[in-house]
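Here's the letter readout for the chains.
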Amino acid sequence: MAHVRAAPLDALKKLGPRSSSMVTPPPAEPLEIPVPTTTDLGAEISTLDVIHGIDHSEGPGAALRTARLRAADFRHEFAQTGKPTAVSTHDLVTLPYPTKFGLWRAPASPTPFLFITNRLVIVRWTDSDGQQRILLWEPSDAELDANTPYFASISRGIPERVQNLAVKRYATVIERVREAGIDPADVDYLAFDHLHTQDVRRLIGTTRPQADISPDFPVEAAFPNARLVVQRHELVAMRDLHPIQRPWYQPETFVDINPDRLLVIDGDRLLGPGVAIVRTPGHATGNQTLVLNTDSGVWALSENVIATECLTPELSKIPGVSSWAKHWGQEIVLNANTIESTATQYNFCILEKTLVDRSATDERFLQFFPTSELTSSVLSPGTAPTFTHGSIRHGI
Ligand SMILES: [Zn+2]
C-alpha cells in the first residue's frame, strides 16, 4: 500500500497530503499486462462465494448480512484444516501516510500524516505430499514502490535528506528472508493483499531489459523459483486503470513480467493446512486477505484497515475515532486511500472481523493483523494506536 519516500513533518505540514505536481496521464490504450490462465492452486473454498453474487445483485446492505453469516461458517470450517508449521512477521519500514486515508473521516487530530510500519509475513507449511512450502506475504520492494504516482508526486520537490528524516528502514525483504534462515531459491509463493504501489520486477524478474533498473539485460529474479499469487481481477484491472485507481498503481512495471511467474487465482483458495487466501474486494478490485490458523487461533492479515482497533472503533482511544463511529453507526474505520468501492470494502472488513479469534494479549481486541500497522510517533500527535500486535510468532 504505502511506500512513500517520506517527507519531513515540517515540510509535510506546509504541503499537506496534496499533490505538488500532476500525475502522469494514463496510456492511450490498455497495457499488455500478461493475464495467464487461472490455476487450481491448493483447494477451492466455496463458502464465501455467495457474498460476491449478492453484492452485485441485491446491493451492499444485503451482502453485509450474508458476509456475517458466511464468515462464521468459514471460520468453523477453516479451523478444521490444520495449522502451518511456522508463521513470523518482520519489520521492513516505518513511514508517513496521510491521516485522512489511514483513519478516514474519524480522527480529531489535524496532523496531516500518521505513521505505519510495513511488515513482511513468512508462512511455512507442509503439503499433503510432504513437500515443504514457503509463502512471503507483502514482500514489498520499498525502494521501487516509492515511484508510485501518488507518493512520487507528494515527495517531489522535497530534498531527499529531509524526506529520510521521517522514514525508518529496517531491512529489505531479501535480508529478512536470509535472517530467517531461508534460501531465496526455496521460496515458492509471493503474494500481496493487492497491488497498490507494488513493483515486483526485482522479485520475480522480467522477460526483457528495463530502461530504469536493468537497461542491458532482463531483470534477474531475487526469488528464482517463486511465483506471484494474484487474483485475476487485479491483473485485468491493471491493464486499464480508472482515474480513481491510477495514482496508486505502477502498471507499466508489470508488462514484461514472465507469465510463467504468475499464479493467477479467481476465488478463495486453501493453500495448505491453516493457510487460506480469500477475496476481500473493495479497497482494490482484486483485494485478498491472508487467513491463518495458529496456536492462538485464527488471524486475518490485510491492509483493509491500518489498526486492529479500526475493526472495533468503540475501543479506540485515538481522539475522535470512537465518537465518530458511534455518531454515524459505523462498525469499521476503513483504510480509505482510494475509496474505490467503499461499501464493499466495509463488508469484507466485517468478514475479516467475524472470522478471527480474540487476542491472547488483550481479549477485547481481535487477531486482525494490519500488514501496514499504525505506529506511534512523536511526529504525529493524536494518532497513537490504543493496541498493537507488533508481530505474529507461531511454530518458531
Ligand atoms: Zn492500498
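Just so it is clear, the model here is predicted, and its values are computed rather than measured.

### Re the pattern of salt bridges
Next up, step 1: One pass over the full model with this rule turns up 17 salt bridges.
Next up, step 2: Residue Asp-49 is joined to Arg-279 by a salt bridge in which the shortest nitrogen-to-oxygen separation is 2.7 Å. With Asp-49 in helix α2 (residues 49–57) and Arg-279 in strand β12 (residues 275–279), this pair connects stretches of sequence that are 230 residues apart.
Next up, step 3: For Asp-49, a relative accessible area of 32% corresponds to the partly exposed category.
Next up, step 4: By relative accessible area, Arg-279 is classed as buried at 15%.
Next up, step 5: We note a salt bridge from Asp-212 to Arg-201, for which the minimum N-O separation is 2.8 Å. Residue Asp-212 is located in the loop between β7 (209–210) and β8 (214–218), and its partner Arg-201 is located in helix α9 (residues 201–204); the two are separated by 11 residues in the primary sequence.
Next up, step 6: Salt bridges sharing common partners tie together Asp-49, Asp-268 and Arg-279.

### Comments concerning the nonpolar core
Next up, step 1: Core analysis: the largest hydrophobic core is formed by 84 residues, its most contacted members being Phe-74, Leu-136, Val-187, Leu-190, Phe-223 and Leu-355.
Next up, step 2: Once you skip the residues sitting within four places of it in the chain, Phe-74 turns out to touch Ile-45, Thr-47, Leu-48, Ala-276, Val-278, Val-291 and Leu-355.
Next up, step 3: Counting residues in hydrophobic clusters, the runner-up holds 21 residues, among them Leu-135, Val-229, Leu-290 and Phe-369.

### A look at the coordination of the zinc ion
Next up, step 1: In this structure, His-194 (NE2), His-196 (ND1) and His-283 (NE2) serve as the protein donors to the zinc ion, at separations of 2.1 Å.
Next up, step 2: Every donor residue of the zinc ion comes from the same chain, spaced as H-x1-H-x86-H. Of this pair, His-194 sits in the loop between β6 (189–191) and α9 while His-283 sits in the loop between β12 and β13 (288–294), and the two are 89 residues apart along the sequence. The residues His-194 and His-283 share a single accessibility class, namely buried.

### Description of the confidence of the model for the chain
Next up, step 1: Mean pLDDT over the chain stands at 92; residues scoring 70 or higher make up 93%.
Next up, step 2: This stretch, residues 1–20, has a pLDDT under 50; its non-local contacts, to residues over four places away or in other chains, come to 73 contacts.

### Re the sheet that holds β12
Next up, step 1: Reading across from one edge, β1-β11-β12-β13-β14-β15 is the order of the 6 strands in this open sheet, with mixed pairing throughout. Since the sheet does not close on itself, it has two edges, and those belong to β1 (43–45) and β15 (368–370), each with one partner. Between one strand axis and the next, the sheet turns by 25° as a mean value, whatever way the strands run.
Next up, step 2: Relative to β12, strand β11 (residues 268–272) runs antiparallel, the two sharing 3 bridges. Residue pairing across strands places Gly-272 opposite Val-275, the latter belonging to β12.
Next up, step 3: Taken strand by strand, helix α3 (residues 60–79) contacts β1, β11, β12, β13 and β14 (297–302), and its axis lies near 50° from that of β13.

### With respect to α3
Next up, step 1: Between its first and last C-alpha, α3 extends 27 Å over 20 residues, near the 28 Å set by a 1.5 Å rise per residue.
Next up, step 2: Within α3, burial applies to Ala-63, Leu-64, Thr-66, Ala-67, Ala-71, Phe-74 and Phe-78.

### A short note on the packing of α2 against α3
Next up, step 1: In contact at an axis separation of 8 Å, α2 and α3 are set at 170° when each is read in the N-to-C sense. Classified by the interaxial angle, the pair formed by α2 and α3 is roughly antiparallel. Along the contact surface, α2 presents Val-50, Ile-51, Ile-54 and Asp-55, while α3 presents Pro-60, Ala-62, Ala-63, Thr-66, Ala-67 and Arg-70.
Next up, step 2: Of the residues that constitute the contact of α2 with α3, the class distribution is 7 nonpolar, 1 polar and 2 charged.

Calculation criteria
- Residues numbered from 1 in each chain as written.
- Predicted model: local features only at pLDDT ≥ 70, side-chain atom pairs only at ≥ 80, totals over all residues.
- Heavy atoms only, no water.
- Salt bridge = Lys/Arg side-chain N within 4 Å of Asp/Glu carboxyl O.
- Helix = DSSP H or I, 4+ residues; strand = E, 2+ residues; numbered from the N terminus.
- Buried < 20%, exposed > 50% of the residue type's maximum accessible area, 1.4 Å probe, protein only.
- Core = buried A, V, L, I, M, F, W, Y, C linked by side-chain atoms within 4.5 Å.
- Contact = heavy atoms within 4.5 Å.
- Donors = N, O, S within 2.8 Å, 3.2 Å for Na, K, Ca; no water.
- pLDDT = per-residue confidence, 0-100.
- Pairing = 2+ DSSP bridges.
- Axes fitted to C-alpha atoms, helices over the stretch in contact; angles between N-to-C directions.
- Expected span 1.5 Å × (residues − 1).
- Parallel < 35°, antiparallel > 145°, perpendicular 65-115°, else oblique.
- Nonpolar A, V, L, I, M, F, W, Y, C, P; charged D, E, K, R; others polar.

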